[in-house]
Every structure is written in C-alpha cells, then in structure tokens.
Amino acid sequence: WYDFYIFGSLSAIISLSFFPKDDPTAAFLSTLAAFGAGFIARPFGGVIFGRLGDRIGRKYTFLLTLLLMGGSTFAIAFIPSYSQIGLVAPAILLLLRIIQGLALGGEYGGAATYVAEYAPDAHRGKYTSYIQTTATLGFFVSIIVVLVCQNIIGAEDFKEWGWRIPFALSGILVVVSYFIRRNMHESPLFSKLKAEGRLSKNPLKEAFASKENRRLMLIAMFGAIVGQGVVWHTGQFYAQIFINKILQVDFVTTNLVIAASLVVGTPLFVVFGSLSDRVGRKVIMLGGMALAAIFYYPLFAWMSDIVGKEGTMVDGAVQLTNWGKIELAFICCLLVTFAAMAYGPIAAFLVELFPTKIRYTSLSIPYHFANGVFGGCAPFVATWLGAATHSNFAGIFYPITLAAITVIVGIIYLPETKGRPIMD
C-alpha cells in the first residue's frame, strides 16, 4: 500500500515533473488521471491473479504481485522528466502506474483470502480487519516519508528531485517483504482442496457460469464495495486534496493534519472489524456509509469555515493557527472513522460470501472493479467537478451520491454473513 499510495501523496509535486508547467491545474488533473489509471487496472489484475491464486495457490501469487508492485514503484524514481524526454515521460509513468494497479488487483484478494482461511471462525472480522489497517498505514507511512525527506533536503530541492527518494526507498520494502513471503506456508483450506483434488480448473469461468455467484458479485459490488471505496478515498485522499489544493493550506500543515487523523483513526479499523464479529458485518458497513452521506457536506463546509477564520495567506499558501490545525484534524478523524466503519469488516464479509475454490477470483473482481474504478477515481472526479463548476463543494456530491445509493441497495439486498463457515 505504501507503493500504491506514495504516488497519491506526491501527486501535487510530481505533476510538474511529468507534465508541462505552464498550466498547473491541467498538470495536476493529468497526474490524478494517471493515479486513477492504477485503480482502473485493478479489476484486470483481479482477473489475472485471482485465477492464479485459485489455481496454483495464495502464496506464490503473493510473491509475483509483490515483485511487480515494488519493481514499478522503484522504477518511477528513475523516469526522466517532461523537460528531458517530453511526452515519453508521462507515458512511462502511466505504464508503471497500470502495472501497479494490476499487481494490487491480485494482492488484496489474496491477502483477505489467506488471512481469513487461517482465522478462527468467531474472530474472522477481527483478524481480517488488520489487513484493512494496512491501506491507511501505507498512506500514513508515505506521508511521513515525504515530510521527513522534504525537511532534510529542503522544499525547493524536494520539488525538483528529492521526490524521487520515497519511490526509491520502496526497494528496501520489496526485499524485506520478499523474504517474509518466501517462507510463508500455503493457506490450509487451499491445501485441503488441493489434496482432495477439488481445485477449480477454470476459476474465472466458474465464477461467471453460476447465476448465483454472478448475483453475489453484483450485490457485493453495489451493496457494499462502491460505497466503501468512495468513503475511504474521500475521507483520506480527497480530504488531503481539498485542504491543500482547494483551501490552499500549506503542504506541510495539510500532511500533518492528515497524518494525525490516520494515527487516531487506524485502530478503529480493528475496533469495527472486531465489533462485526458480535453484531454483524452489514450494520457496521452500511452505518459508516450512511454517516458519510449525511455528514460529508457539513464537515467539508466546516473545514472551509475554519480556514477562513483561522488562516492567513503567506507567500501563496494559507498558514493556520494551532487551534485551526486541531479543528481540521478533528474533522479528518471523523472522516477516517466513517471509512473504518465501512472498510473494517468488508474483508471478512467478502470471504464469507463466496465458495472456497473460486473465492480469490470471485472476491477480487467485484472488489477491485468497484473500489478501484468508483473509489479510486473519486479524488480525480471530485477535483474535476470542483474545477469545472468553480465550486469548492461540487466535488463532494460524487461520494455522497454513491454512498447513499450503496446504502439503499445494501439494505435491500445485502446478506449478513457473520457466522457462516468458509470451507465448503
């Protein structure tokens, strides 16, 4: 997740390295579009690596996705700038971003499946919720690495060349992770299926051949994952863009506010995942989405009011009072709380929804299509809507609408899966 989200954390800076500098808004939107391309590639990765995971095993698919993700991130550090090679620079950036998306498309489904198939039945929500914390932790680590590097190098040098260092540091994570994963054992449920000769010969075909499985994938997509995706990405990424680019709060303050909210909010993923083992997955997930749909507009309007009252423009960026920073961090904590409710139980829910022999494939396709396309593109769509309408708040209606639709569909069609056995 660090690999995937370091791109987002640095989008405002790298936009000027890979696109013409004469139109900063267009350059930023182009960078967000490249960022979104990684999300659009995710469902294709789910198809490719989901099939491999159901056919040859969770462990070996893990190793391949790791090397693709880490290698792509490391390579971004060495792409020449637009001023050096012209349009070839953004083309290479886009290609590497797509490879990242393909890798992540195989990664998440494997992680959710692997952990859930090891977890005790009564604590599946708790154990799988630790997977959910890693997305937020990866985003948090990316912010901290960026701030530390900028502080050491200096703001101007960081914008010029220092932004490459966080991408290059990914190489260390790849090496460490590789040695950890190489020594992992295969999932016990997959091993049991393999020993009994019950592995799927064509997981993709089986996932779509069954009318009931197709129905479950659609319900999962539009009754849970679409809303979860926009709530997660809005509460963290679009909040960052809104504060920095729209309200014009300085870069360091923006990232410190977001980082503080992630520190407070990350344990809540485990809290809500554990709570779902007792009260059910559905009520918590839909509750988080409903709260987001209701409170997004007033919370983002409140952020704007805070900056207006507690901010002073200095050298082209807004400097906030300490009280203003605390208020913004409090609001961002609420946004992360909504995300934790929607996201914490969802891995357990998805694993419990699908049969073992096609679980990796059946889980990965709807998750990465809904989360990747609808959720991952939320920062780009929201920013574009704001720019197109010249309104600070137009963008926020995109996640509000999708979260509300998901809640309605979920109330009607979403089954409760808590307590279901996952071996069939």
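Above: the structure in question.
Q: Please provide a residue-by-residue account of the overall build of the protein chain, values included.
A: Looking only at helices and strands, the protein chain features 20 helices and two strands. By the compact-globule yardstick of 22 Å for 424 residues, the protein chain fits well, its C-alpha radius of gyration being 21 Å. The dimensions of the protein chain, computed from C-alpha atoms along their principal axes, are 70 × 45 × 35 Å. Long-range pairs, those at least 24 residues apart, make up 84% of the contacts in the protein chain between residues at least 6 apart in sequence. Carbon and sulfur atoms provide 69% of the accessible area of the protein chain, an area that totals close to 16400 Å². Distance between charge centres in the protein chain, computed from 31 positive and 23 negative side chains, equals 12 Å.

Q: Tell me what's going on with the packing of helix H13 (residues 211-246) against helix H20 (residues 397-413), and back it up with residues and numbers.
A: One way to put it is that H13 packs onto H20 with a least axis distance of 8 Å and a crossing angle of 150°. On the basis of their axis angle, the class for H13 and H20 is roughly antiparallel. Our pair here, H13 against H20, has a crossing hand that is left-handed. On the side of H13, the interface is formed by Ile219, Phe222, Gly223, Ala224, Val226, Gly227, Val230, Val231 and Thr234, while H20 contributes Tyr398, Pro399, Leu402, Ala403, Thr406, Val409, Gly410 and Tyr413. Along the lines of polarity and charge, the residues of the contact of H13 with H20 split into 12 nonpolar, five polar and no charged.

Q: Could you give an account of the state of the cysteines, with specific residues and numbers?
A: With the rule as written, the count across this model stands at zero disulfides. Among the cysteines around Cys332, which has no disulfide bond, Cys333 carries the closest sulfur, lying 7.4 Å off. Residue classification places Cys332 among the buried positions, given a relative accessible area of 0%. Residue Cys333 is classed as buried on the basis of its relative accessible area of 16%.

Q: Summarise helix H18 (residues 359-375); cite the residues concerned and give the values.
A: If you check H18, its first and last C-alpha atoms are 22 Å apart, about what 17 residues at 1.5 Å a residue would give, namely 24 Å. The buried fraction of H18 amounts to 14 of the 17 residues, a majority that puts the element mostly inside the structure.

Q: Describe in detail the packing of aromatic side chains, supporting the description with residues and values.
A: Per the stated rule, a full pass over the model turns up 19 aromatic pairs. On the numbers, 6.1 Å between centres and 50° between planes, the contact of Tyr238 with Phe242 is tilted. Here Phe242 and Tyr238 lie together in helix H13, a separation of four residues that amounts to about one turn. When its relative accessible area of 0% is taken as the criterion, Phe242 is described as buried. Ring-pair connections join several aromatic residues into one group, and the members of that group are Tyr238, Phe242, Tyr296, Tyr297, Phe300, Phe393 and Phe397.

Q: Explain the packing of helix H2 (residues 11-18) against helix H3 (residues 24-55) residue by residue, including any values.
A: One can describe the packing of H2 onto H3 by two numbers: an axis separation of 8 Å at closest approach and a directional angle of 105°. Classed by the angle they form, the pair H2 and H3 counts as roughly perpendicular. In this structure, H2 contributes Ser11, Ala12, Ile14, Ser15 and Leu16 to the contact, and H3 contributes Pro24, Ala27, Phe28, Thr31 and Leu32. Tallied by class, the residues present in the contact of H2 with H3 amount to seven nonpolar, three polar and no charged.

Q: Describe the pairing of strand S1 (residues 311-314), naming the residues involved and giving the relevant values.
A: Note that S1 and strand S2 (residues 317-320) share four bridges and pair antiparallel. In the sheet register, Thr312 faces S2, and the bridge partner there is Gln319.

Q: Tell me about the pattern of salt bridges, and please be specific about residues and values.
A: The full count for this structure, using the stated rule, is five salt bridges. Residue Arg215 is joined to Glu212 by a salt bridge in which the shortest nitrogen-to-oxygen separation is 3.6 Å. Of this pair, Arg215 and Glu212 both sit in helix H13, three residues apart, which is roughly one turn of the helix. According to the relative accessible area criterion, Glu212 is partly exposed, its value standing at 43%. Among the ionic contacts, a cluster of salt bridges with common partners joins Asp121, Arg124, Asp277, Arg281 and Glu352.

Q: Got a sec to walk through the nonpolar core? Specific residues and values, please.
A: In this structure, Val231 and Met303 are the most contacted members of the largest nonpolar core, which totals 120 residues. Per element, the largest residue contribution to this core is 17 residues, and it comes from H13.

Q: Would you mind going over a nonpolar patch on the surface in detail, with residue names and values included?
A: A grouping of Leu169, Ile172, Val176 and Ile180 is seen on the molecular surface, where their side chains present a nonpolar patch of about 360 Å² in accessible area. Summarising the element assignment, Ile172 is placed in helix H10 (residues 170-182).

Q: Mind laying out unusual backbone geometry, listing which residues take part and the relevant values?
A: The backbone of Gln248 shows a phi angle near 65°, a positive value even though the residue is not glycine. Relative accessible area serves as the criterion here: at 38%, Gln248 is assigned to the partly exposed category. At Asp315, a position not held by glycine, the phi torsion is positive, near 55°. Residue position: Asp315 is located in the loop between S1 and S2.

Q: Before we move on, can you summarise the environment of Pro90 with the specific residues and values?
A: Topologically, Pro90 is positioned in helix H6 (residues 88-118). Residue classification places Pro90 among the buried residues on the basis of a relative accessible area of 12%. Along the primary structure Pro90 and Ser30 are separated by 60 residues, whereas in three dimensions their C-alpha atoms are 9.1 Å apart. Non-local contacts of Pro90, meaning those with residues more than four positions away in its chain, are made with Phe18, Phe19 and Tyr82.

Q: Tell me what's going on with the side chain of Thr136, and back it up with residues and numbers.
A: Mapped onto the secondary structure, Thr136 falls in helix H7 (residues 124-153). For Thr136, a relative accessible area of 0% corresponds to the buried category.

Procedures and definitions
Residues numbered from 1 in each chain as written. Predicted model: local features only at pLDDT ≥ 70, side-chain atom pairs only at ≥ 80, totals over all residues. Heavy atoms only, no water. Helix = DSSP H or I, 4+ residues; strand = E, 2+ residues; numbered from the N terminus. Rg over C-alpha atoms; globule rule 2.2 N^0.38 Å. Contact = heavy atoms within 4.5 Å. Areas by Shrake-Rupley, 256 points an atom, 1.4 Å probe, with all protein chains shown as cover. Lys, Arg positive; Asp, Glu negative; His and termini not counted. Charge placed at Lys NZ, Arg CZ, Asp CG, Glu CD. Axes fitted to C-alpha atoms, helices over the stretch in contact; angles between N-to-C directions. Parallel < 35°, antiparallel > 145°, perpendicular 65-115°, else oblique. Left-handed = near helix turned anticlockwise from the far one by under 90°. Nonpolar A, V, L, I, M, F, W, Y, C, P; charged D, E, K, R; others polar. Disulfide = S-S within 2.5 Å. Buried < 20%, exposed > 50% of the residue type's maximum accessible area, 1.4 Å probe, protein only. Expected span 1.5 Å × (residues − 1). Phe/Tyr/Trp six-rings, centres within 6.5 Å; stacked < 30°, edge-to-face > 60°. Pairing = 2+ DSSP bridges. Salt bridge = Lys/Arg side-chain N within 4 Å of Asp/Glu carboxyl O. Core = buried A, V, L, I, M, F, W, Y, C linked by side-chain atoms within 4.5 Å. Patch = residues over 30% accessible without salt bridge, like charges linked within 9 Å, V, L, I, M, F, W, Y side chains within 5 Å.

Keep in mind that these numbers describe shape and distance, not what the molecule does.
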